Structures are given as structure tokens and as C-alpha cells.
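One-letter residues, chain by chain:
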Amino acid sequence: MEIPREALLVLDELKKAGFEAYIVGGCVRDFLLKKEPKDWDVTTNAKPEEIQRIFPDSFYENNFLTVTVRTGSENPQLAEIEITTFRFEAKYSDKRHPDQVQYAKTLEEDLSRRDFTINAMAMDQEKNLIDPFEGQKDLKKKIIRTAGNPDERFSEDALRMLRAVRFATTLVFDIEEKTAEAIKKNSLWLEAISKERVRDELVKIVMADKAADGIEFLRQSNLLKFIIPELLENYGVGQNKHHIYDCYQHALKALEYTAKKKYGLEVRLASLLHDVGKPRVKAGDGINSTFYNHEMVGAKMAFEILSRLKFSGKEIEKITKLVRCHMFYYNAGEVTESSVRRLVRNVGPENMEELLQVREADRIGSGVPKAEPYKLRHLKYIIDKVSQDPISVAMLKVNGKDVMDIAAIEPGPKIGQILDALLGYVLDDPKKNTKEWLSEEIARLAKMDEKALKGLADKSKEEKFELQAEQDESTKKKYFVK
Ligand code: ATP
Ligand code: MG
């Protein structure tokens, strides 16, 4: 792998102007791991005003000494490069914000403010590594270790504890012992952190391939208590004969499956939370225990959890719906079309696919999945069927009132016959479905004798039934159901 041209150009310009310049942080880590970095960050001893003078197409809008340069690259990862002046953060009194951001004199000073050894490396144009905290060694050992004393570093910014778990999860690393101990000991400090920052890290954990391990990591580090304590209520709560796992393990297994399938954020969170209400409604014990209404209680809890973590209204609504509806009953032959229609209406047609994904995760995550491929295919067939527009005169670009106006006739059976006849023409040739063509045809049909018109209408009704049956057959074929 090479440092991309755009980043090299930025380093070059800064050097030519007499400054030091390095790529730094996450991109150096990813570069050494041979992974595509999300973005390329640069650090320099040039001050923001000086950076802006060197790069006319740049902007400086915050007070953290970062200037963003537009490179003109088509690649979104390289279109903007952030250049930050060497800095360090002076005195943290609230465990989240530095009281002051100050210029640092040296690169080493800048690196020492960074969170973990693997994130505290810099590299120059010639790919020389500046690595005062032995980050490269930790990368090889696959461990997350704070740069400096963990208690101090976490007390400066408590989010770093969560970032440690996040990096351990996404990189599939371990957390070094002293760092891990410090997290356990200081987990309460996470309360000082804004929910938005916590949410952003949680999302990265949930979107990782090892998402389930990440949640378990959070539990073991005492951090889960300050993010989703409700999940801890599930820990050790036994289930009934349909399950081999306790509620907490089941939630993780369901999440694990959605990660394996690379499903989206909402499905992953809904799978993690789908049974969160169970402990609060559990009745009885052992193999015969029951959890009536847990999906309703769970949906309410999911709503509270996600609102607290400042997820967007749209995400909250979708995930809550998925949790609330995950228990829908279906059995080929037993479930009526109208009940499936009701389900589609409740969840929303746009969420049906995701609901089936949650259901699948629930089933696989039970540890004793019942075979139900046929049932599922049958349900998908019914969903598709009830979601299709029926073949009917409602498809026409004219309606009964148009017929009455154009033909100047009173309400009566003739209107329906004219519409039926029109539908016949349109089914033969969909191009005829325009207001102009149909209006002319209405005038013609209105003059036709009664018997001929009725014959025409009946013929087109037959055609409609045949087409409808054909459509149904092909939908059945699509899902391999009989
Ligand atoms: P990602 O792949 O998620 O972008 P990253 O390492 O680039 O990972 P960023 O949040 O983009 O993470 O931060 C860039 C760099 O800034 C980090 O590599 C680290 O050096 C430093 N950094 C970020 N957040 C903190 C923090 N809370 N405390 C100390 N240093 C931090
Ligand atoms: Mg980054």
C-alpha cells in the first residue's frame, strides 16, 4: 500500500513552506494494518493561518486548530484532508472537555495527547514511522493500550474507555490488562460523556463483524451499565423449552447472526433488543415459563433506550416497530390474507423485509431453530401478494365521474360496464391508458347498444380474472410455494 497522492501533495506543500508535516493517527494505524483508512489526517507545526495561506482552497471553522483542505479528488476519502497543528490539551476538569487547547512545540508532544499507542503514531513522506509509545509493537500483539497512565488518560476524557472497547471490537484486539482494569475501575466516569458521543461509538461496535463480542466486552468492562443497563436485567434470566440460552445470551446470538449476514443498523439493534422486555413479564419458572406481552413491554423499553441515546426519530420509530411486531404469527394455510395485510400495515411495507430479518435472527439465535423455510417462503408469498395492486378499474386514468360527465349519463350499471370495457382495452395494450384515448373511447362506448356493451364488459372481466390468476401463479413460483 502507498500513501495516496493527495496526502503526499499536502505533506509536500507544507514541507516546501518550511514546516514539519506527517500523516497521523487512525490512518497510520490502518496503513500499517494494510487496511483502507477512512480518512487521511495530517499534523504539522504550521499554525492555522499559515496552513490557510499555503492552501487557498481550505476552511477553518472550529477552535481545535484543524484546517480542512479541499484536494479536488473524486475519492470521497481524499476529497478533504484535515490538517491539525501540533497541539496538546491542558487540564481536564470535567472528564470530557479540555479546559484549553494549546499549541504543542513538538510532534512527540502532540502524539502524547492521543488516546492509544496504536493511534499515537505518525509517518512522514518517506514512510518513516515516529512511534514513541511502541504502537507498532502493540499492533503486532493485537492489544489496545493507552498512551501513558490509563487512569489519567481516562480521567481526562472518559469516552476513551468506550473507544478502547470499540477498537478492540472492530480490530478484534484485546485490551491490555492495566488498561482494562482502569476501565472497570473508572467506568462510572462514562456518565460525564454526552449521549451523542456514546451513541456514535456504540453504533461502531454494533456495526462491527464481532458486534456481539463487543457488547459482551462492554458488560465485562462495567460500561454496559452506563449505556444499556436494561440488557443487564436479561443476564442469567432463563427461558422456556423453545430456547437453550438465557435472555442475554439469546440477544447476543441474535445480534451475532445479523452481523454475520451484514444486516443494517436498525435490524442489528432490533435483534439485540427484541426480547429486552422478557425479564419484566416473566411468569413461572423452568421449561414452562411464559413471557406474555414481552414484545409490547420490550418496544416501550427500546423506545426509551434509543431516545436516551439520542438516536434519530426515524431510527427509533423503525426499531421500536420491529421489536413490537417480531412475534407475528404465521403458519401456511392457517394465516389469512387479511391478517398478513394487517401486519404489513402495522409494520409498514417498507419495513417488512427487515422484520423478517429480525425474526430470522430470533429463530437462529434461539440455539434450537425450528425448520421453517417453507412457512417463511409462504409468508413472503402472501406479503408480496397483498402488497401488489389488484388488477381493477382503479388502474384506469379515468373514473366513474369522468364517464358520467363525458357520456352525459346518470349513475347506473352502464358506468361500470364502460369502465370494465375500458380496462379490457388497457390490459391488452397499456399504452392506451391515457385520459385522452379513454375519453374518446367513452364517447364511443356510450353509443353502443346495451347488449354489445355488456358482452364487451363480461369478456374483459374474464380476462381480468385470468390475468390475476396468472399473476398469482408467478408470485407463487417466485417463492417456490404451491
Ligand atoms: P476511525 O477509523 O474510527 O476514524 P480514528 O483512530 O481515525 O478511527 P478518530 O476519532 O477519527 O479515530 O480520531 C483520529 C485520531 O485522533 C485518533 O487516531 C487519535 O489519535 C485521536 N483521538 C481521537 N479521539 C480521541 C480522544 N477522545 N482522546 C485522545 N485522542 C483521540
Ligand atoms: Mg478517523
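### Some details on the site of ligand 1
For step 1, the next point in the chain: The environment of ligand 1 is formed by 14 residues, the closest being R29, N119, D157, R160 and R166.
For step 2, the next point in the chain: Contact between ligand 1 and G26: an oxygen atom at 3.1 Å from a main-chain N or O atom of the residue.
For step 3, the next point in the chain: A distance of 2.7 Å separates an oxygen atom of ligand 1 from a polar side-chain atom of R29.
For step 4, the next point in the chain: For ligand 1, whose unbound accessible area comes to 580 Å², protein coverage reaches 80%.
For step 5, the next point in the chain: Going through the elements one at a time, α2 (26–32) and α7 (159–171) are the ones with two or more residues in the shell around ligand 1.
For step 6, the next point in the chain: At four residues, α7 tops the list of elements feeding residues into the shell around ligand 1.
For step 7, the next point in the chain: Here the shell around ligand 1 is composed, by residue class, of one nonpolar, three polar and 10 charged.
For step 8, the next point in the chain: In terms of domain composition, the shell around ligand 1 takes at least three residues from each of domain 1 (5–141) and domain 2 (152–387).

### With respect to helix α17 (residues 337–347)
For step 1, the next point in the chain: Considered for burial, the residues of α17 that qualify are V340, L343, V344 and V347. Within α17, the buried residues cover an arc of 100 degrees as seen down the axis, which keeps them to one side.
For step 2, the next point in the chain: Of the residues one or two after α17, G348 is the one with positive phi, at around 95 degrees.

### Digging into the sheet that holds strand β2 (residues 41–44)
For step 1, the next point in the chain: The strand order across the open sheet built from seven strands is β3-β4-β5-β2-β1-β8-β9, with neighbouring strands paired in mixed fashion. Edge positions in the sheet fall to β3 (58–59) and β9 (129–130), since each of these pairs with one other strand and no more.
For step 2, the next point in the chain: Bridge analysis of strand β8 (residues 122–123) against β9 gives two bridges, and the strand direction is antiparallel. Paired with A122 across the bridge in β9 is I130.

### Considering the pattern of salt bridges
For step 1, the next point in the chain: For the structure on display, the rule yields 34 salt bridges.
For step 2, the next point in the chain: Between K385 and E337 there is a salt bridge, with its nearest N and O atoms 2.9 Å apart. One end of the pair, K385, is in helix α19 (residues 373–387); the other, E337, is in helix α17, and 48 residues separate them in sequence.
For step 3, the next point in the chain: For K385, a relative accessible area of 26% gives the class partly exposed.
For step 4, the next point in the chain: When its relative accessible area of 30% is taken as the criterion, E337 is described as partly exposed.

### A closer look at the domain arrangement of the chain
For step 1, the next point in the chain: If you check the domain split of the chain, you get domain 1 (5–141), domain 2 (152–387) and domain 3 (393–479).
For step 2, the next point in the chain: The C-alpha-based centres of domain 2 and domain 3 are spaced at 50 Å.
For step 3, the next point in the chain: Contacts between domain 2 and domain 3 engage five residues on the former and five residues on the latter.
For step 4, the next point in the chain: Buried area between domain 2 and domain 3, summed over both chains or domains, comes out near 510 Å², and the portion from carbon and sulfur atoms is 57%.
For step 5, the next point in the chain: Three residues, R377, Y381 and D384, lead the burial of domain 2 against domain 3; their summed loss comes to 79% of the area buried on that side.
For step 6, the next point in the chain: Here K478 and D384 are joined by a salt bridge, their closest N and O atoms 2.7 Å apart.
For step 7, the next point in the chain: Linking domain 2 with domain 3 are four residue pairs in polar contact (both at pLDDT 80 or more), by the criterion used here.
For step 8, the next point in the chain: In the side of domain 2 that touches domain 3, the residues fall into one nonpolar, no polar and four charged.

### A closer look at the pairing of strand β5 (residues 80–85)
For step 1, the next point in the chain: Sheet topology note: the β2/β5 ladder contains four bridges and is parallel. Directly across from T43, in β5, lies its bridge partner T84.
For step 2, the next point in the chain: In this structure, strand β4 (residues 66–70) lies alongside β5, joined through five bridges in antiparallel fashion. Bridging across to β5, V67 finds its partner in I83.

### Notes on the nonpolar core
For step 1, the next point in the chain: Membership of the largest hydrophobic core comes to 105 residues, with the highest contact counts inside it found for I23, I144, I215, L218, I227 and I228.
For step 2, the next point in the chain: Of all the elements, α7 adds the most residues to this core, at eight residues.
For step 3, the next point in the chain: Split by domain, the residues of this core number at least three in each of domain 1 (5–141) and domain 2 (152–387).
For step 4, the next point in the chain: Leave out the neighbours within four places in its chain, and I23 touches I3, A7, L11, V28, W40, D41, V42, M121, A122 and M123.
For step 5, the next point in the chain: One finds A407, L422, L423 and L427 within the second-largest nonpolar core, a separate group that totals 19 residues.

### Notes on the packing of aromatic side chains
For step 1, the next point in the chain: Following the criterion strictly, the structure yields four aromatic pairs and no others.
For step 2, the next point in the chain: Judged by centre distance (6.3 Å) and plane angle (75 degrees), the ring pair of F31 and W40 falls under edge-to-face. Considered together, F31 and W40 belong to a single accessibility category, that of buried residues.
For step 3, the next point in the chain: Each ring, one from Y425 and one from W437, has its centre 5.7 Å from the other, and the planes form 75 degrees; the classification is edge-to-face. You can see Y425 sitting in helix α21 (residues 413–428) and its partner W437 sitting in helix α22 (residues 435–447), a full 12 residues away along the chain.
For step 4, the next point in the chain: A cation over a ring is seen here: R166 above F167, with NZ or CZ 4.2 Å from the ring centre.

Cut-off values and rules
- Residues numbered from 1 in each chain as written.
- Chains lettered and ligands numbered in written order.
- Predicted model: local features only at pLDDT ≥ 70, side-chain atom pairs only at ≥ 80, totals over all residues.
- Heavy atoms only, no water.
- Near = heavy atom within 4 Å.
- Polar contact = N/O pair within 3.5 Å; in protein donor to acceptor, adjacent residues only side chain to side chain.
- Areas by Shrake-Rupley, 256 points an atom, 1.4 Å probe, with all protein chains shown as cover.
- Helix = DSSP H or I, 4+ residues; strand = E, 2+ residues; numbered from the N terminus.
- Nonpolar A, V, L, I, M, F, W, Y, C, P; charged D, E, K, R; others polar.
- Domains from an automatic or database assignment.
- Buried < 20%, exposed > 50% of the residue type's maximum accessible area, 1.4 Å probe, protein only.
- Arc of directions from axis to C-beta.
- Pairing = 2+ DSSP bridges.
- Salt bridge = Lys/Arg side-chain N within 4 Å of Asp/Glu carboxyl O.
- Contact = heavy atoms within 4.5 Å.
- Buried area = accessible area lost by both parts, 1.4 Å probe.
- Core = buried A, V, L, I, M, F, W, Y, C linked by side-chain atoms within 4.5 Å.
- Phe/Tyr/Trp six-rings, centres within 6.5 Å; stacked < 30°, edge-to-face > 60°.
- Lys NZ or Arg CZ within 6 Å of the ring centre and 35° of its normal.

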